[in-house]
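A look at the structure
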Amino acid sequence: MIHSATRASRSRLAAVAVSSALVLTGCLGTPDTDSDTVRARFSADPQSFDPAQLVGSDDYYASRMLFDTLLRYDDDGEIVGGLAEDWDFDALGGTVELAEGATCADGTPLDASVVADSLNRFASPDTASGSKILVFGNGDVTARATGSHSVDIRLSEPFSELDAGLTMVASGIVCPAGLEDTEGLSSGNVPEAFSGPFTLTTATSGVEYVMELRSDYDMWPDFVSSLDGRPPERMSFSVGDDVATNANEVLGGSLDLAGVSPTDTERFPEVALVYIGEQYIVFNQHKTSPFQDEELRRAVARTLSREAYNEVTYAGRSEVEFTMGDSGMQCANSDEDLVEEYDRGAVQAEGLLDGVEMVYSASNSFGPNGIGAEYVYQELSDAGAHVDYQIVDNSTWASLVLGPDAPSWDITLFGTVNQTNTLWTGVSRIMGTPIEDGGRSMSRADNPEGERLAEEVMLATDPDEKCEIYQDLQENFLDRVDVVPLTASVEVFALADGIQYEPPNSRMDYTAVRVEE
Amino acid sequence: MNGDWTMTSVHSTAENRLSSRAPQRNLQAWIASPWVWFLTRKLGTLLLSFMFLVVVTFSIVLLIPGDAARAAAGPDASLEVVEATRQTLGLNDPVWARFLTYVGDIFSGTLGTSFRVGTVSEQIAVRAPYTLLVAGSAIAITLVLAFLLGVGVTALTRDGRRAWLAQAFSWVTAIVDAIPVYVRGTLLIILFALTLGVLPAGGAQQPSSFILPIVALAIGPVCSLSRIVRREAESALQANYIRTTEGWRLNSRIVYLKYLLPNVVTAALTLSGLMLSGMIGGALVMEQVFSWPGLGTSVVNAILTRDYPVIQGTILVLGMVAVVINILIDVALAFVDPRHLHSRSDV
């Protein structure tokens, strides 16, 4: 009796000791929370904090918080003022009037000379920014301060998407301290360089990036300032690319906001859908490719179902597209009749693709484990094509289809990261100078009519006129089946209780995150 | 007086001669010591492994498909920008020149400059503590728990006693050991993070974030090593020297700790060397499950972004850590059982 009592006593003592140790070490209880800090997650370390040198999507997301652009998209997809309060552009540039009161993080006024210096440096060939062509087009650029708050921008080649280009975070204004120390700017070590609402206070590779809200910042666009709740004092980003872990962490309370799989959305009361770009099939029309033949391209288009692709890749949560842009994009075609209707059975019965040999190159980044690419392969194979299927990681795929070796592929599943939210981002991949000759075109299509329309688009200054020409251009390349539109590229973000996130124009922008009062 | 002086003088001369020979003898004895040859062999192993790893880590990046310059410049960059990036990163240099640069970077201590930001050594300095802390803790826990469990269950089930415990131990350890580390991690997340809500599911922002990764990593090796320890302990209990201690009616604590444990340690440590260096590999897998900011996620990201210097430097460091762990295990074995000093299996 005494023996068993002693044993029970010892057991209780052990339980108390273990529990105390766990409590003391912070092991028990809900994970740490801080109402002023929103905990989010980057999928990878930002490779650079220099807006001119952005490469990965997290680079863009981070820089959007740190650098303001002259213009922005509002929540209805309209271009509105950012640092600029007024602007007047034609095809060869124009003037920008800056808003009063904007300052850099160190208090330096964001006047015309600061803005002109930043734009000139971004557009300079010495900077070698990959984004320059999307902001200013192919030609040379000169930005000049014509008053304390007036900037004149001149382009040597027509580019009617300048207003959309200036919404792109790559054109974000870098303050003088950043231009003096570009190496420090790239690594995020020059806090005085920031012009946006947040400053980077901690950057530990792979571990944590902390952005703190500037107390003196007052340049919120109208649509953002009217969002419910208040901006977080601090946003802390850990790093990880596993969407299942992200989902578990949001549910477990150790994250407030993170990207999750589209198939996981039912686990969360609140999710935000963010549009990244577009996904479509591109044909290489090089002389060695079978897809010089328009009828073969049309047969491929008939073997692919946009709805099925959306279902397997995004669990049906993305948007089916009828051009190289989503329905909210300016001038985007919404006429379903312009795209081929899915009828793989007929293609199979007619033997249109029977024995056609093709090299199909795709990245495994489309859907879970590359299931989007797999879907296309299955449909083509089922239709009778002999497909040399090359599914690789994103870097290998980009090296292949965006490299100079034109005959190395025949058909690819392409995904844009459409930072300017324009049709031009996609159109410039199938029109104009081929990649190997210094341009962006990967289709190498012989399409004089399309080229003419593309040139006209670049010259159009009136928005309605531009959309009319864009519609003609879309009819042109959709009729020729230079591309097969599929869906928008989307990411789904799960939100913890108390967090509001309404991405403006469904585009990623962490400055629109709000904490409920 | 004079004679005394003479005697003293002769005596001290002899002493001096003897003392001058003493260091020589000590040196000879030291050289003849099996420890010297043992440690020399281990040093040779270390150097050979280092040279092998340098060549291998340099060569593997040459086999990775894709264009590192395109990955660094981004998908929107023109070929002109990509070419300029390639030149800047030194990717146009001949292979031999790149190898010399790599070796130079290793000996400079930087391990090279990342294609993204900073030097490789800086990145490793940030990330390594996370991996080493988790792997090191898991190794320590494995060694302690495995021996306690193995010897403890052997003692409790000796001579057919508590058959249920023997059965339960065998089943539970076999099942847990058979579960891959990423599944163990997921199960722990479901239980402790999602169901009970007492521990974070991932990340490393809180001290409590360390618990699940360490447990996920250690629990498998604890099971497998404790099974080995138990088997060794059972065999040792049948040995004559243990029977002799029983004949002497020694206290069982002395029997287990003084006579049984050292003999069990020898065999178990031999296998644990392989197991523990494998644990480093397990840590890399575990990092993906828990979004752990260690060297594993660093290597995976570097491969995806074609950051060659980070791939090379990190794998080199991880490889050397595995080699050093195995050498330390060999030294520990030799310390416990000097017969291992004469083993030539590692030469």
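Rules used throughout
Residues numbered from 1 in each chain as written. Chains lettered and ligands numbered in written order. Predicted model: local features only at pLDDT ≥ 70, side-chain atom pairs only at ≥ 80, totals over all residues. Heavy atoms only, no water. Helix = DSSP H or I, 4+ residues; strand = E, 2+ residues; numbered from the N terminus. Buried < 20%, exposed > 50% of the residue type's maximum accessible area, 1.4 Å probe, protein only. Contact = heavy atoms within 4.5 Å. Areas by Shrake-Rupley, 256 points an atom, 1.4 Å probe, with all protein chains shown as cover. Lys, Arg positive; Asp, Glu negative; His and termini not counted. Charge placed at Lys NZ, Arg CZ, Asp CG, Glu CD. Rg over C-alpha atoms; globule rule 2.2 N^0.38 Å. Axes fitted to C-alpha atoms, helices over the stretch in contact; angles between N-to-C directions. Parallel < 35°, antiparallel > 145°, perpendicular 65-115°, else oblique. Nonpolar A, V, L, I, M, F, W, Y, C, P; charged D, E, K, R; others polar. Pairing = 2+ DSSP bridges. Buried area = accessible area lost by both parts, 1.4 Å probe. Salt bridge = Lys/Arg side-chain N within 4 Å of Asp/Glu carboxyl O. Polar contact = N/O pair within 3.5 Å; in protein donor to acceptor, adjacent residues only side chain to side chain. Disulfide = S-S within 2.5 Å. pLDDT = per-residue confidence, 0-100. Core = buried A, V, L, I, M, F, W, Y, C linked by side-chain atoms within 4.5 Å. Left-handed = near helix turned anticlockwise from the far one by under 90°.

Another aspect to go through is the overall build of chain A. Across its full length, chain A holds 17 helices and 18 strands. Overall size of chain A, expressed as C-alpha extent along the three principal axes, is 95 × 65 × 35 Å. Within the span of chain A, comprising 517 residues, buried residues form 59% of the whole. In chain A, once contacts between residues fewer than 6 apart in sequence are set aside, the share between residues at least 24 apart is 70%. Total accessible area on chain A stands at roughly 19,800 Å², and carbon and sulfur atoms take up 46% of it. Between the mean site of the 30 positive side-chain charges and the mean site of the 91 negative ones, chain A shows a separation of 7 Å.

This part takes up the overall build of chain B. Counting its secondary structure elements, chain B contains 13 helices and zero strands. When the helices and strands of chain B are read in sequence order from the N terminus, they spell out α-α-α-α-α-α-α-α-α-α-α-α-α. The C-alpha radius of gyration of chain B comes to 28 Å, more than 25% above the 20 Å expected for a compact globule of 347 residues. Taken over the C-alpha atoms alone, chain B extends approximately 100 × 75 × 35 Å along its principal axes. Looking at chain B as a whole, 45% of its 347 residues are labelled buried. The long-range share in chain B, meaning contacts at least 24 apart out of those at least 6 apart in sequence, stands at 74%. Approximately 17,600 Å² of chain B is accessible, and the part contributed by carbon and sulfur atoms is 68%. Side-chain charges of chain B comprise 24 positive and 19 negative groups, with the mean position of each set lying 13 Å from the other.

Our next topic: the packing of helix 11 (residues 252-289) of chain B against helix 13 (residues 308-336) of chain B. Residues and elements named next belong to chain B. Their axes nearest at 9 Å, the elements helix 11 and helix 13 cross at an angle of 170°. Relative to helix 13, the element helix 11 is oriented roughly antiparallel. Every residue of helix 13 that contacts helix 11 at P262, V265, T266, L269, T270, S272, G273, L274, L276, S277, I280 and L284 is listed here: L318, V321, A322, I325, N326, I329, A332, L333 and V336. Partitioning the contact of helix 11 with helix 13 into residue classes produces 15 nonpolar, six polar and no charged.

All names here are of chain A. Along the chain, L255 falls in the loop between helix 9 (243-252) and strand 11 (257-260). Taking C-alpha positions, L255 is 7.8 Å from R41, a pair spaced 214 residues apart along the chain. In contact with L255, other than residues within four places in its own chain, are R39, A40, R41, S238, N246, E249, V250 and A496.

As a further point, take the sheet that holds strand 4 (residues 84-90) of chain A. All names here are of chain A. Strands sit in the order 4-5-7-6 across an open sheet of four strands; the sheet is antiparallel. A strand with exactly one partner marks an edge of an open sheet, and here the two such strands are strand 4 and strand 6 (141-145). On average, adjacent strands in this sheet sit at an angle of 15° to one another, irrespective of strand direction. Taken together, the six bridges between strand 4 and strand 5 (residues 93-98) define a ladder with antiparallel strand orientation.

A few words now on the interface of chain A and chain B. A common way to report how large an interface is uses the accessible area buried once the components associate. Taken together, the contact pairs 47 residues of chain A with 42 residues of chain B. For the pairing of chain A and chain B, the buried interface totals around 3,400 Å² over both sides, and the portion due to carbon and sulfur atoms is 54%. Taken together, the connections running from chain A to chain B amount to four salt bridges. The partner of A:R440 in a salt bridge is B:D76, with the nearest N and O atoms 3.1 Å apart. The tally of links between chain A and chain B comes to twelve residue pairs in polar contact (both at pLDDT 80 or more). At the level of secondary structure, the elements contributing two or more residues to the side of chain A that touches chain B comprise helix 4 (132-136), strand 10 (234-239), helix 9 and helix 14 (394-401) of chain A.

Residues and elements named next belong to chain A. Under the definition given, this model contains 32 salt bridges over all chains. With a shortest N-O distance of 3.8 Å, D36 and R230 are connected by a salt bridge. Separated by 194 residues along the polypeptide, D36 in the loop between helix 1 (2-24) and strand 1 (37-42) and R230 in the loop between helix 8 (222-225) and strand 10 bring together distant segments of the chain. When its relative accessible area of 30% is taken as the criterion, D36 is described as partly exposed. Its relative accessible area of 23% is what places R230 among the partly exposed residues. A salt bridge links E436 to R444, with the shortest nitrogen-to-oxygen separation between them at 2.9 Å. Given the relative accessible area of 11%, R444 is considered buried.

So, on to the state of the cysteines. Residue and element names in this part refer to chain A. In the structure shown here, the tally under the stated rule is two disulfides over all chains. One disulfide in the model links C104 with C175; its S-S distance is 2.0 Å. Judged by the sign of its S-S torsion, about -100°, the cystine formed by C104 and C175 is left-handed. Highlighted residues: C104 in the loop between strand 5 and helix 3 (112-123) and C175 in the loop between helix 5 (162-165) and helix 6 (176-180), separated in sequence by 71 residues. When sorted by exposure, C104 lands in the same class as C175, which is buried. Paired through a disulfide, C331 and C467 show a sulfur-sulfur distance of 2.0 Å. The S-S bond linking C331 to C467 shows a torsion near -70°; that makes this disulfide left-handed. Here the residue C331 occupies a position in the loop between helix 11 (306-314) and helix 12 (344-350), and C467 occupies one in helix 17 (residues 463-479), the gap between them amounting to 136 residues. Taking the relative accessible area as the measure of exposure, C331 reaches 14% and is therefore buried. Look at C467 and you get partly exposed, because its relative accessible area is 26%. Taken N- to C-terminal, the disulfide-bonded cysteines of chain A are connected 1-2, 3-4.

Another aspect to go through is the confidence of the model for chain A. Looking at chain A, pLDDT values average 89 and 93% of them are 70 or higher. Of the regions scoring below 50 in pLDDT, residues 1-33 of chain A engages in 22 contacts with residues more than four places distant in sequence or in other chains.

Right, let's get into the environment of B:M279. Residues and elements named next belong to chain B. For M279, the location among the structural elements is in helix 11. You can call M279 buried: its relative accessible area is 3%. In this structure, M279 is in contact with A135, A138, I139, T142, L217 and P221, ignoring residues within four places of it in sequence.

Membership of the largest hydrophobic core comes to 124 residues, with the highest contact counts inside it found for A:L70, A:F136, A:I153, A:L166, A:M235 and A:Y510. Element by element, the count of residues in this core is highest for helix 3 of chain A, at seven residues. Those residues within four positions of A:Y510 in sequence are excluded, and the remaining contacts are A:A40, A:R41, A:F42, A:Y61, A:M65, A:M235, A:F237, A:L257, A:F493 and A:Y501. Of all hydrophobic cores here, the second largest spans 75 residues; its members include B:A128, B:I139, B:A233 and B:I242.

Bringing the packing of helix 9 (residues 211-237) of chain B against helix 11 of chain B into the picture now. All names here are of chain B. At a minimum axis separation of 9 Å, helix 9 and helix 11 run at an interaxial angle of 150°. In terms of orientation, helix 9 and helix 11 fall into the roughly antiparallel class. For helix 9 against helix 11, the interelement crossing comes out right-handed. Contact residues: helix 9 offers P213, L217, P221, S224, L225, I228, V229, E232, A233, A236 and L237, while helix 11 offers Y256, L260, V264, A267, A268, L271, S272, M275, M279, G282, A283 and M286. Grouping the amino acids of the contact of helix 9 with helix 11 by side-chain chemistry returns 19 nonpolar, three polar and one charged.

Moving on to the pairing of strand 6 of chain A. Residues and elements named next belong to chain A. The pairing of strand 6 with strand 7 (residues 150-155) spans five bridges and is classified as antiparallel. Within strand 7, the position partnered with A143 by the bridge is I153. Between strand 6 and strand 7, which follow one another and run antiparallel, lie four residues.

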